[in-house]
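Coordinate inspection notes
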There are 2 protein chains.
Amino acid sequence: MTAKASSDANGVGAERISDAEHAVMEALWRKSPQTAVEVCDAVCKERGWSIPTVKTLLSRLVNKGVLATEPDGRRFLYTPRIKRSDYVGTESKRLVERLFGGRAAPLFAQLAENEALTPDDIAEIERLLQEMKK
Amino acid sequence: MTAKASSDANGVGAERISDAEHAVMEALWRKSPQTAVEVCDAVCKERGWSIPTVKTLLSRLVNKGVLATEPDGRRFLYTPRIKRSDYVGTESKRLVERLFGGRAAPLFAQLAENEALTPDDIAEIERLLQEMKK
DNA sequence: GCATTCAGATTACAAATGTAATCGCAAACT
DNA sequence: AGTTTGCGATTACATTTGTAATCTGAATGC
């Protein structure tokens, strides 16, 4: 076998995570490890899924190398192998790349123009800016 | 027929645009109208595509209602029916929604932490903030 | 010990996506 | 006018994604 899946130059987690898969990841980032059933409890209601669906998604995520499994009696416990902050960072950067030529300022401008910035956001961002200047 | 595709409550352009399709849109946002061949000239090299691929993507985009066509002799001229700024706005909001619970500040923090903010970005953002406070 | 149950594994299947090749037809050339 | 050619339209086909149903084998309950 050609030493394929589950890792790359950047370490674990280069495989793309789909939207449905992402929901599962969120549940596990919130709390882990969890069993398939627990994950379902966390997401099935909201997404209108049944357990088989969750199991499929868990398998795919394991194949993609972004979830680790640990046997616990007859079932498995699933744990993320990538940090949410890394995922979020990659996705954010990808968007900025695709839509704003890699510059973050235009994204900010866009959000501003869109009223997507609450006064709280603005205050917080100002605080972060001050923070950075030190 | 059930008065289906090509528009929704928000007006034109609710259909999701895929990655490949997005490259085509970018070319047309940069300059329009353009023929299929011109679009190909603009993107085929970089993406390693051949003309048929571009034509497929153009068709799909027309079906999705995000491109308008206008006959020009024997061929078509393609023009975006949605503004890039709208698309960008929607996509940005979607990301902020998915990854940051709708709050823009954490996105900003994320970018900051990731060194994804150049000094220019920072300066620009500060300027925008001042701007907004007036 | 044997039936039931409950896990993960395997298979399913339609829609979307990436990436074309082919078809059919009208315009252009000769 | 007949032939070529250059277009959009139609068809193709593998992969990924969404959403499951079924299978298989081990643990559990009698």
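Residues numbered from 1 in each chain as written. Chains lettered and ligands numbered in written order. Predicted model: local features only at pLDDT ≥ 70, side-chain atom pairs only at ≥ 80, totals over all residues. Heavy atoms only, no water.

**Here we look at the packing of helix 6 (residues 119-133) of chain A against helix 5 (residues 104-113) of chain B**
It is the contact of helix 6 of chain A with helix 5 of chain B, at a shortest axis distance of 8 Å, that shows an interaxial angle of 20°. Between helix 6 of chain A and helix 5 of chain B, the interaxial angle falls into the category roughly parallel. Crossing angle aside, the handedness with which helix 6 of chain A passes helix 5 of chain B is right-handed. Residues Asp121, Glu124, Ile125, Leu128, Leu129 and Met132 of chain A of helix 6 of chain A touch helix 5 of chain B, and the partners they reach there are Ala104, Ala105, Pro106, Phe108, Ala109 and Ala112 of chain B. Here the residues of the contact of helix 6 of chain A with helix 5 of chain B sort into ten nonpolar, no polar and two charged. (Axes fitted to C-alpha atoms, helices over the stretch in contact; angles between N-to-C directions. Helix = DSSP H or I, 4+ residues; strand = E, 2+ residues; numbered from the N terminus. Parallel < 35°, antiparallel > 145°, perpendicular 65-115°, else oblique. Left-handed = near helix turned anticlockwise from the far one by under 90°. Contact = heavy atoms within 4.5 Å. Nonpolar A, V, L, I, M, F, W, Y, C, P; charged D, E, K, R; others polar.)

**Considerations on the relation of the copies chain A and chain B**
Once chain A has been moved 0.0 Å along the axis and rotated by 180°, it coincides with chain B to within an RMSD of 0.1 Å. Between the two chains, the operation in question is that of a two-fold axis. The residues that chain A uses at the interface reappear at the interface of chain B in 100% of cases, marking a shared surface. (Least-squares fit on C-alpha atoms with pLDDT ≥ 70 in both.)

**Description of the protein's contact with DNA strand C**
Surveying the vicinity of DNA strand C reveals 20 residues, the closest of which are Ser18, Ser50, Thr53, Thr56 and Arg60 of chain B. Separating a base nitrogen of DNA strand C from a side-chain N or O atom of Lys55 of chain A is a distance of 3.2 Å. Interatomic distance of 2.9 Å between a side-chain N/O atom of Ser50 of chain B and a sugar or linking oxygen of DNA strand C. Within the residue set of the surface near DNA strand C, elements represented by two or more residues are helix 3 (51-63) and strand 2 (75-80) of chain A together with helix 1 (19-30) and helix 3 (51-63) of chain B. Sort the elements by how many residues they give to the surface near DNA strand C and helix 3 of chain B lands first, with five residues. Here the surface near DNA strand C is composed, by residue class, of seven nonpolar, five polar and eight charged. (Near = heavy atom within 4 Å. Polar contact = N/O pair within 3.5 Å; in protein donor to acceptor, adjacent residues only side chain to side chain.)

**Some remarks on the interface of chain A and chain B**
It is common to report an interface's size as the accessible area lost on association of the parts. On the side of chain B, 41 residues touch chain A, which itself brings 41 residues to the contact. When chain A packs against chain B, the two sides together hide about 3,500 Å² of surface, and 65% of this comes from carbon and sulfur. Applying the counting rule to chain A against chain B returns four salt bridges. Residue Asp121 of chain B pairs with Arg103 of chain A through a salt bridge whose shortest N-O separation is 2.5 Å. Run the count over chain A and chain B and you get 14 residue pairs in polar contact (both at pLDDT 80 or more). For the side of chain A that touches chain B, the secondary structure elements donating two or more residues are helix 1 (19-30), helix 4 (84-100), helix 5 (104-113) and helix 6 of chain A. (Buried area = accessible area lost by both parts, 1.4 Å probe. Salt bridge = Lys/Arg side-chain N within 4 Å of Asp/Glu carboxyl O.)

**Focus: the protein's contact with DNA strand D**
Close to DNA strand D lie 20 residues, the nearest being Ser18, Ser50, Thr53, Thr56 and Arg60 of chain A. One of the side-chain nitrogen or oxygen atoms of Lys64 of chain A is found 2.9 Å away from a phosphate oxygen of DNA strand D. In this structure, Phe76 of chain B approaches DNA strand D through a main-chain N or O atom, which is 3.2 Å from a phosphate oxygen. Where the surface near DNA strand D is concerned, the elements lending two or more residues are helix 1 and helix 3 of chain A together with helix 3 and strand 2 (75-80) of chain B. For the surface near DNA strand D, the element with the highest residue contribution is helix 3 of chain A, accounting for five residues.

By themselves, these observations are geometric and do not establish any function.
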